[in-house]
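Notes for the structure review
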Amino acid sequence: MAEEMIIRIAEPQDADSLRKLINETIDTCYFRVYPQEAIDYFKDYHNRANIVNDILEGHCLILASEEEFIGTGTLFGSNARRVFVKPKYQNMGLGKKIMYRLEEKAVEKGVRIMDLDASLVAYPFYRALGYETQAEDVIPVKNGQSLRYYKMVKKLGNQ
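In this report, we go over the structure that sits alongside the text.

Here is what the cut-offs are and how they apply
- Residues numbered from 1 in each chain as written.
- Predicted model: local features only at pLDDT ≥ 70, side-chain atom pairs only at ≥ 80, totals over all residues.
- Heavy atoms only, no water.
- Salt bridge = Lys/Arg side-chain N within 4 Å of Asp/Glu carboxyl O.
- Helix = DSSP H or I, 4+ residues; strand = E, 2+ residues; numbered from the N terminus.
- Buried < 20%, exposed > 50% of the residue type's maximum accessible area, 1.4 Å probe, protein only.
- 1 Å grid on protein atoms, 1.4 Å probe; cavity = no way out; pocket = protein on both sides within 12 Å on 5 of 7 lines; lining within 4 Å.
- Points joined across faces, edges and corners; volume = space filled by probe spheres on them.
- Nonpolar A, V, L, I, M, F, W, Y, C, P; charged D, E, K, R; others polar.

To continue, consider the pattern of salt bridges. Enumeration over the complete set of coordinates arrives at twelve salt bridges. For E68, the salt bridge is made with K86, and the minimal N-O distance between the two is 2.8 Å. Remark: K86 occurs in the loop between β4 (79–85) and α4 (94–108) and E68 occurs in the loop between β2 (59–64) and β3 (69–76); sequence separation between them is 18 residues. No difference in accessibility class separates E68 from K86, as the two residues are buried. Residue K88 pairs with E68 through a salt bridge whose shortest N-O separation is 3.5 Å. A residue pair is termed long-range when its members are at least 10 positions apart, and K88 in the loop between β4 and α4 and E68 in the loop between β2 and β3 qualify at 20 residues. Classification of K88 by relative accessible area gives exposed; the value is 58%. On the accessibility criterion, E68 (18% relative accessible area) is buried.

By volume, the largest pocket is sized at about 840 Å³. Along its surface, the largest pocket is lined by 34 residues, and Y30, V83, S119, A122 and Y126 are the ones closest to its centre. For the lining of the largest pocket, the secondary structure elements donating two or more residues are α1 (15–29), α2 (36–45), β4, α4, β5 (113–119), α5 (123–128) and β7 (146–155). If one sorts the elements of the lining of the largest pocket by residue count, β4 sits on top with seven residues. Residues that form the lining of the largest pocket fall into these classes: 22 nonpolar, eight polar and four charged.

Right, dumping it as structure tokens:
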């Protein structure tokens, strides 16, 4: 009954499907933690143009089954970004699998410290992977609302 999943490099024609996966995850997982204005900000930030840029300029991975895209993540320089797993597939180790692949790629490229911005929702996930909090930050969004997140880092390799 277990679906076979593969991890592959994203291509520009995958951008719309990736955006759908990201928006579904944000809509499902963020509404209990963030105001609607912050959710709208997240969804706008993860727009098609930014996804395509990550595909073309970064190392963007897709975790997929034969039927659908299940997860994604991008390494852009030393920055892990746009790491999402569809809600029905969360808590199965798939996000870890994506992050480990991104970390392997970073080490291969000579990155010694990987960095990322973690939402309140993703913060415990990254802490469990060994990322350390460097700062808490806030972005003002519409209607006096704000989006709180954490800047995190992890030393890679045998240092």
